[in-house]
Amino acid sequence: MTAEYVTPVNEDGTSFEDYWTDELEKAEATLHKRDGTYYLHVAVKKDVEPSCDEETENGVVLGVDLNVGGYVAVTSTGAFIGNADYLNHRRDEYERRRGNLQQTGTRSAHLTINSIGSRFARWSADYLHRISKAIVREAVENDCTAIAFENLKHIRKRISNASKFQQWAFKELQRHVEYKAEEYGIDVNDVNPAYTSQRCSHGECGFTHEDNRDGDEFECLKWGKRLHSDYNAARNIGWRLVQHWLKSGAGRATSQLALKSGTLNANGRFRPTALRS
Ligand SMILES: [Zn+2]
């Protein structure tokens, strides 16, 4: 049987925009059926320059903090990306409509459930796709060689009251970032996030106390440095990877953490962007 496959007229914001270009070689395709909807999976191939070793030895890290409320992702360079509350709101709306339709129980209600289900799946996948794209763009623009995330196992523990959907969203987001980052030769690493929300990320301070954080606000009880608490956490997550490289003695003593207007080296010294070689 032969069927025609039509790509969207408007490709903006869809994966076609990124992956249906002439520079990508289309490989094998498989057809899947899920919840009454057919999906065509097409593998695409692209040649990329392998990242050179010398570059990774002088790694520059972008730290990323992920959240189930407020901003979805906050980076150590001060980018606030995506609206987790909006994502949750759309999910709740969808669940509510589905619940109502299920009670109706008619055949047409069932068909509507399928269609709003696949529409929500497309919308949420696209939303996460955009966020992951923005994270990778931030890494590229700041000449980063690595992106550091909080370990998923720890995220699960921290947000144990989070819904299956939110846990899925985090996993999906990291997966998207991984394959997009690979194109630019950027590594994606997990770090143990213990105390990253309590530690002061300012310069060499590092003062750690649970009272440093009050909701969205972080104020160091030692020297009074104030930061958005997710931004502070993102800097600590990136910092942890820099320190891990230093301790593992991988010849990366010159590793740095990417910040808003410069980098912080492994010894806690700040270097403004203009002076970066
Ligand atoms: Zn401090």
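So, here's what we can say about the structure. (Residues numbered from 1 in each chain as written. Predicted model: local features only at pLDDT ≥ 70, side-chain atom pairs only at ≥ 80, totals over all residues. Heavy atoms only, no water.)

## Notes on the overall build of the chain
Put simply, the test is: For the purposes of this entry, the term helix denotes a DSSP run of H or I that reaches at least four residues, the term strand denotes a run of E that reaches at least two, and both are numbered from the N terminus. Exposure categories follow from relative accessible area, calculated using a 1.4 Å probe and restricted to protein chains: below 20% of the type maximum is buried, above 50% is exposed, and the middle band is partly exposed. Two residues qualify as a contact provided that any one of their heavy atoms is within 4.5 Å of a heavy atom in the partner residue. Shrake-Rupley sampling with a 1.4 Å probe provides the accessible areas, and residues are treated as covered by the protein chains on show and by no other component. A residue counts as positive if it is Lys or Arg and as negative if it is Asp or Glu; His and the chain ends are not included. Note on charges: their place is set at NZ of Lys, CZ of Arg, CG of Asp or CD of Glu.
Check the secondary structure of the chain and you find seven helices and 13 strands. Expressed as lengths along the three principal axes of its C-alpha atoms, the size of the chain is roughly 65 × 45 × 30 Å. Relative to its full complement of 277 residues, the chain shows a buried share of 39%. Long-range contacts, defined as pairs at least 24 residues apart, comprise 57% of the intrachain contacts of the chain with a sequence gap of at least 6. On the chain, roughly 16,300 Å² of surface is accessible, and the fraction owed to carbon and sulfur atoms is 47%. The positive charge centre, built from 37 side chains, and the negative charge centre, built from 40, are 6 Å apart in the chain.

## A few points about the coordination of the zinc ion
A metal bound by six donors in octahedral fashion has ideal angles of 90 or 180 degrees, whereas one bound by four tetrahedral donors has an ideal angle of 109.5 degrees. This is how it is decided: Because water is not among the atoms used, a metal site may look incomplete, as its donors are only the N, O and S atoms within 2.8 Å, or 3.2 Å for Na, K and Ca.
Looking at the metal site, the zinc ion is ligated by Cys200 (SG), Cys205 (SG) and Cys220 (SG), spaced 2.2 to 2.3 Å from it. For the zinc ion, all donor residues lie on one chain, and their spacing in sequence is C-x4-C-x14-C. In this pair, Cys200 sits in the loop between β7 (187-191) and β8 (213-214) while Cys220 sits in the loop between β9 (217-219) and β10 (226-228), placing the two residues 20 residues apart along the sequence. Pair check on accessibility: Cys200 and Cys220 agree, each one buried.

## Looking at the nonpolar core
Under the convention used in this document: We call a set of buried residues a nonpolar core when its members are Ala, Val, Leu, Ile, Met, Phe, Trp, Tyr or Cys and they connect through side-chain atoms within 4.5 Å of each other.
In this structure, Val64, Leu66, Ile131, Ile135 and Ile147 are the most contacted members of the largest nonpolar core, which totals 37 residues. Those elements giving two or more residues to this core turn out to be β3 (60-66), β4 (71-75), α3 (84-104), α4 (107-141), β6 (146-150), α5 (152-158) and α6 (164-182). Per-element tally for this core: the top contributor is α4, with twelve residues. Ranked by size, the runner-up nonpolar core spans 13 residues in total, among them Ala148, Val191, Leu241 and Leu257.

## Thoughts on the sheet that holds β10
Condition: Only when DSSP finds a minimum of two bridges between them are two strands counted as paired. Interaxial angles span 0 to 180 degrees and are taken between N-to-C directions of axes, which are lines fitted to C-alpha atoms, for helices over the stretch in contact.
The strand order across the open sheet formed by three strands is β8-β9-β10, and the pairing between neighbours is antiparallel. Edge strands, defined here as strands with exactly one partner in the open sheet, are β8 and β10. Relative to β10, β9 runs antiparallel, the two being bridged by three bridges. Across the sheet, the residue bridging to Phe218 is Leu227, located in β10. Each of β8, β9 and β10 is contacted by helix α7 (residues 229-247), which is oriented at about 90 degrees to β10, the strand it contacts most.

## Some remarks on the pattern of salt bridges
Note the cut-off: Every case where a carboxyl oxygen of Asp or Glu lies within 4 Å of a side-chain nitrogen of Lys or Arg is listed as a salt bridge.
Evaluated as defined, the whole model comprises seven salt bridges. The residue Glu172 makes a salt bridge to Arg175 at a minimum N-O spacing of 2.7 Å. Here the residue Glu172 and the residue Arg175 both occupy positions in helix α6, the gap between them amounting to three residues, near one helical turn. By relative accessible area, Arg175 is classed as partly exposed at 45%. Close ionic contact of Glu217 with Arg226 constitutes a salt bridge, the shortest N to O distance being 3.1 Å. Using a relative accessible area of 53% as the deciding quantity, one classes Arg226 as exposed. Taken together, the shared-partner salt bridges connect Arg91, Glu95 and Arg98 into one network.

## Regarding a nonpolar patch on the surface
Spelled out, the test is: For patches, a residue must show more than 30% relative accessible area and have no salt bridge; joins then use 9 Å for like charges and 5 Å for nonpolar side chains, namely Val, Leu, Ile, Met, Phe, Trp and Tyr.
Where nonpolar side chains cluster on the molecular surface, the patch consists of Tyr5, Leu31, Tyr38 and Leu40 and spans about 450 Å² of accessible area. With respect to the helices and strands, the residue Leu31 is situated in strand β1 (residues 25-34). When its relative accessible area of 59% is taken as the criterion, Leu31 is described as exposed.

## Quick look at the packing of aromatic side chains
Condition: Note on aromatic contacts: the rings of Phe and Tyr and the six-membered ring of Trp form a pair at centre separations within 6.5 Å, being stacked when their planes are under 30 degrees apart, edge-to-face when over 60 apart, and tilted otherwise. Each ring is checked for a lysine NZ or an arginine CZ that lies within 6 Å of its centre and within 35 degrees of its normal; such an atom marks a charge sitting over the ring.
Summed over all chains, the structure comprises nine aromatic pairs. The interplanar angle of 65 degrees and the centroid separation of 6.1 Å between the aromatic rings of Tyr86 and Tyr127 together place this pair among those described as edge-to-face. Here the residue Tyr86 occupies a position in helix α3, and Tyr127 occupies one in helix α4, the gap between them amounting to 41 residues. Residue classification places Tyr86 among the partly exposed positions, given a relative accessible area of 34%. Since its relative accessible area comes to 15%, Tyr127 is described here as buried. Site record: aromatic cluster; members linked through ring pairs are Tyr86, Tyr94, Phe120, Trp123, Tyr127, Phe165 and Trp168. The positively charged end of Arg90 is found above the aromatic ring belonging to Trp123, 4.0 Å away from the centroid.

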